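Coordinate analysis (summary)
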Amino acid sequence: MTELAHYVNGAAVAGMSGRSQPVFNPATGTSEKTVALASVDEVNKAVAAAKSAWPAWSKTPALRRARIMDKFKSILWDRAPQLAEAISSEHGKTHDDALGEVTRGLEVVEYATSAPSFLKGEFSENVGPDIDCQMIRQSLGVCAGITPFNFPAMVPMWMFPIAIVTGNTFVLKPSERDPSASLLLAEWLSEAGLPEGVFNVVQGDKEAVDAILHHPDIKAVSFVGSTPIAQYIHQTGTSMGKRVQALGGAKNHMVIMPDADLDMAASALMGAGYGSAGERCMAISVAVPVTDAVADALIEKLVPQIEALKIGPAADRDSEMGPLVTEQHLNKVRGYIDSGESQGARVVVDGRGFKQDKQGYENGYFIGGTLLDNVTEDMDCYRNEIFGPVLSVVRKQSYQDAVDLIHGHEYANGTAVFTRDGDVARNFSQDIEVGMVGINVPIPVPMAFHSFGGWKASIFGDHHMHGMEGVRFYTRIKTTTTRWPTGQRTDPEFTMPTLG
Ligand code: NAD
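A quick note: this is a predicted structure, and the numbers were derived from the prediction, not measured.

1. Comments concerning the pairing of strand β4 (residues 20–25)
Here 6 bridges tie β4 to strand β5 (residues 30–36), and the two strands are oriented antiparallel to one another. Note that in β5 the partner of Val23 across the bridge is Lys33.

Okay, structure coming up:
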């Protein structure tokens, strides 16, 4: 058994808490590794390292910080396959999907290399007679990231490249289900020349998270995970005076209008519903065909494609869909299919009976792609995030009914409409109350130089991730107003100064 542990002050650190848990390979159902679970004391040590690194790092020229990110980016490009293997071995996603995750994270690193440009301040001369004013962005201090299992490399990279390049130091608490990626990232940052203590990793569970939330030296917390935990993180963190951005769960609807290209829509649903086994916060889990005729035609196109899905381990490079992350999660997903069926949904394609017969993978946490028809708003499988390869069809008879359905759901992360009608497309993107919208694009994940985030119960806090929103979250503004000696007045002023 290998124990995966922490990375503090530029070096791997063994766990000392005496607590650990197994890390499974979801494709085989076996465990050859454990992950250490940090104690409060171990979190405190990581925060202390980050705190002592901050004064020098925050004063390091932005260009130098950006060059370290540039070096890190080159390392990531070169070693993306190694990182992808590490991700797949603990998460289960296919190799190409893991490579895609690495690339999307790397793009944030790439964006971070433009820090000297986005950190440029603002300056106004003569805001008053011989008075100038400047605005600069300064770092906050020690920031922390708490991340989910489904993107063990990309989601941390939504956070730390921008936090670090803007002059903060960072403590990452990755998901305990797939901890290896974070340790590789930490090693490669050191190799790229990042000074000790600027980036630290503590592995752990609730104990480590609570230690982060209550630590007085942590100024900001970024979180991505399920909604109940996001809400807890936001409430607790803000009550401790921290900045918090906490992204939560999702239930993403895709509306298919009668004028849509149905082949295009069906193929989009396949990738968006079953890619990464549905374990994506931007997965489409609800298809909303407008009119029964569209629903019937769409289902007819989907069924053979779902039945033909190549389900297998990442080691098999032809696999289109891997296993679920844990046995417990597999049972939860099965339970939602059971409940949908018992509450009246029609199980058109049933993944529950899927058996993986590839040798060595018989005990992996595999499930087949599932399609539920006639799903209604009151069903548990509709109200809750399933986070598995289960696509629900909710039939609607008009565009407005489809919009009302989306507005009735508590989550509002992403959504899409498939149509050729420009008016429908424009109305949808303008009026829909969801954070990320696709027009004939099923998974509208914004690029690194834009910002990622949902609305309603899919986010707690004000700032989305990466892009300029990330820069705003990790910096605070300082404005300095300067009167030059030539503008010195002799008489005191007792009234609010104005230009008159
Ligand atoms: P999770 O909420 O179980 O865990 C996320 C993090 O919180 C982990 O680091 C975990 O250790 C920690 N945590 C778990 N329980 C905790 C507790 N009781 N107290 C304190 N900390 C706790 O989420 P997950 O299962 O790892 O990830 C899947 C969820 O993440 C899904 O709901 C998915 O939609 C969401 N997600 C959202 C986005 C987004 O951008 N909105 C992106 C990816 C994933």
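Past the structure itself, the notes keep going.
2. Things to note about the sheet that holds strand β15 (residues 346–349)
Spatial strand order, β15-β16-β17-β14-β13-β19-β20: 7 strands in an open sheet with mixed pairing. Every other strand in the sheet has two partners, leaving β15 and β20 (436–439) as the edge strands with one partner each. Averaged over all pairs of adjacent strands, the angle between their axes in this sheet comes to 20°, without regard to strand direction. Along the sheet, helix α11 (residues 327–342) makes contact with β15, β16 (370–373) and β17 (390–393), crossing β17 at roughly 25°.

3. Some details on the site of the ligand
Within the structure, the ligand sits among 27 residues, and Pro148, Gly225, Ser226, Gly249 and Cys281 are positioned closest to it. Tallied by class, residues from the shell around the ligand come to 12 nonpolar, 10 polar and 5 charged. Here the shell around the ligand spans two domains, and each of domain 1 (2–248 + 458–480) and domain 2 (252–439) adds at least three residues to it.

4. Points about unusual backbone geometry
In the Ramachandran plot, Ser276 falls in the positive-phi region, its phi being about 55° despite a non-glycine side chain. Among the secondary structure elements, Ser276 is positioned in the loop between α9 (262–274) and β14 (284–289). Here Ser276 falls in the buried class, since 23 other C-beta atoms lie within 10 Å of it. Although it is not a glycine, Asn374 adopts a positive phi angle of roughly 55°. Along the chain, Asn374 turns up in the loop between β16 and α12 (380–383).

5. Things to note about the UniProt feature "domain: Aldehyde dehydrogenase" (unreviewed entry) in the protein
Taking the numbering used here, the UniProt-annotated feature "domain: Aldehyde dehydrogenase" (unreviewed entry) corresponds to residues 19–479. Between the end C-alpha atoms of residues 19–479 there is a gap of 47 Å, over a span that is 42% helix and 21% strand.

6. Section: α9
Under the 1.5 Å per step criterion, the end-to-end length of α9 is 18 Å for 13 residues, consistent within 8% with the ideal 18 Å. For α9, the full list of buried residues reads Ala265, Ala266, Ala268, Leu269, Met270, Ala272, Gly273 and Tyr274. In this structure, the buried side of α9 is in contact with β13 (252–256), β14, α10 (292–307), β17 and β19 (414–418). Taken from the residues just after α9, Ser276 is the one with a positive phi, measuring 55°.

The rules behind these values
Along each chain, residues carry numbers from 1 onward, in the same order as the chain's sequence is written. At least 70 in pLDDT is required for a residue's local features to be given in this predicted model, at least 80 for side-chain atom pairs to be given and counted, and no such filter applies to totals for whole chains, interfaces and linings, which use all residues. A pair of strands is labelled paired if DSSP reports no fewer than 2 bridges between them. Where helices and strands are cited, they refer to DSSP runs of H or I of at least four residues and of E of at least two residues respectively, numbered from the N terminus. Fitting a line to C-alpha atoms yields each axis, with helices limited to the stretch in contact; the angle taken between N-to-C directions then spans 0 to 180 degrees. Two residues qualify as a contact pair if the distance between their C-beta atoms, derived from the backbone, is within 7 Å. Each residue receives a C-beta atom placed from its backbone. It is near a molecule or strand if this atom lies within 6 Å of it. Residues are grouped as follows: nonpolar covers Ala, Val, Leu, Ile, Met, Phe, Trp, Tyr, Cys and Pro; charged covers Asp, Glu, Lys and Arg; every other residue, Gly included, is treated as polar. Either an automatic procedure or a domain database provided the assignment from which the domain bounds are taken. Three exposure classes are used. Buried residues have 20 or more other C-beta atoms within 10 Å of their own C-beta, exposed residues have 12 or fewer, and partly exposed residues fall in between, all C-beta atoms being placed from the backbone. UniProt positions are given in the numbering used here, feature names are shortened, and annotations may be inferred rather than shown by experiment. One fewer than the residue count of a helix, multiplied by 1.5 Å, yields its expected span.

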